[in-house]
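# Residue-level structure breakdown
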Amino acid sequence: QVQLVESGGGLVQAGDSLRLSCAASGRTFSRYDMAWFRQAPGKEREIVARINDSGDSTYYAASVKGRFTISRDNAKNTVYLQMNSLKLEDTAVYYCAALRAYRTVVDYWGQGTQVTVSS
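Summary of the structure given here.

Criteria and thresholds
Residues numbered from 1 in each chain as written. Predicted model: local features only at pLDDT ≥ 70, side-chain atom pairs only at ≥ 80, totals over all residues. Heavy atoms only, no water. Pairing = 2+ DSSP bridges. Helix = DSSP H or I, 4+ residues; strand = E, 2+ residues; numbered from the N terminus. Axes fitted to C-alpha atoms, helices over the stretch in contact; angles between N-to-C directions. Contact = heavy atoms within 4.5 Å. Phe/Tyr/Trp six-rings, centres within 6.5 Å; stacked < 30°, edge-to-face > 60°. Buried < 20%, exposed > 50% of the residue type's maximum accessible area, 1.4 Å probe, protein only.

Within the open sheet, the four strands sit side by side as 1-3-8-7. Their pairing is antiparallel. Two strands in the sheet have a free side with no partner beyond their single neighbour: strand 1 (4-7) and strand 7 (68-73). Going from strand to strand, the sheet's axes swing by 15° on average, the running direction of each strand aside. Of the strand pairs in this sheet, strand 1 and strand 3 (residues 18-24) are connected by four bridges, and their pairing is antiparallel. When the sheet's bridge partners are listed, Val5 is paired in strand 3 with Ala23.

Our focus in this paragraph is the side chain of Asn77. Relative to the helices and strands, Asn77 is located in the loop between strand 7 and strand 8 (78-83). Asn77 has contacts with Cys22, Ala23, Ala24, Ser25, Gly26 and Phe29, leaving out every residue within four places of it along the chain.

Taken as a whole and assessed by the stated rule, the structure comprises three aromatic pairs. Ring centres of Phe37 and Trp109 lie 4.9 Å apart, and the angle between their planes is 65°; on these two criteria the pair is classed as edge-to-face. Highlighted residues: Phe37 in strand 4 (residues 33-39) and Trp109 in strand 10 (residues 106-109), separated in sequence by 72 residues. Of the residues examined, Phe37 reaches a relative accessible area of 11% and is grouped as buried. The class of Trp109 is partly exposed, set by a relative accessible area of 38%. Grouped by ring-pair contacts, the aromatic residues Phe37, Tyr95 and Trp109 constitute a single cluster.

Shown next as structure tokens:
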């Protein structure tokens with residue numbers, strides 16, 4: 001069992017930066033790929049970024065590539081999402097997720113943290 005708790009969301013202006021954190025409980029954190037998803041009002045949940053268990057392979061959605069960076073610290077059971085050059089369209093609830101390698105089904109979800117970007 002893995003429990004995920006996100007933090008770091010908030011209200012920022014376009015062009016600002018924000019770092020999300022996701023703290024995981026349990027000793028199996030390092031066995032999972034970790035990902036960040038987001039869901040904007042009226043839209044489906046979409047993947048933003050994913051990192052493999054060892055942290056040496058990442059994936060980014062085209063909409064955030066070059067602006068967002070996912071990283072993890074297995075010693076701290078924490079995954080991060082550094083978000084730079086935020087845009088209005090980045091406004092969404094951001095969810096942390098744990099997945100098994102090579103799978104797209106999420107095994108565990110966090111509760112979500114709101115990110116609002118204003119002009």
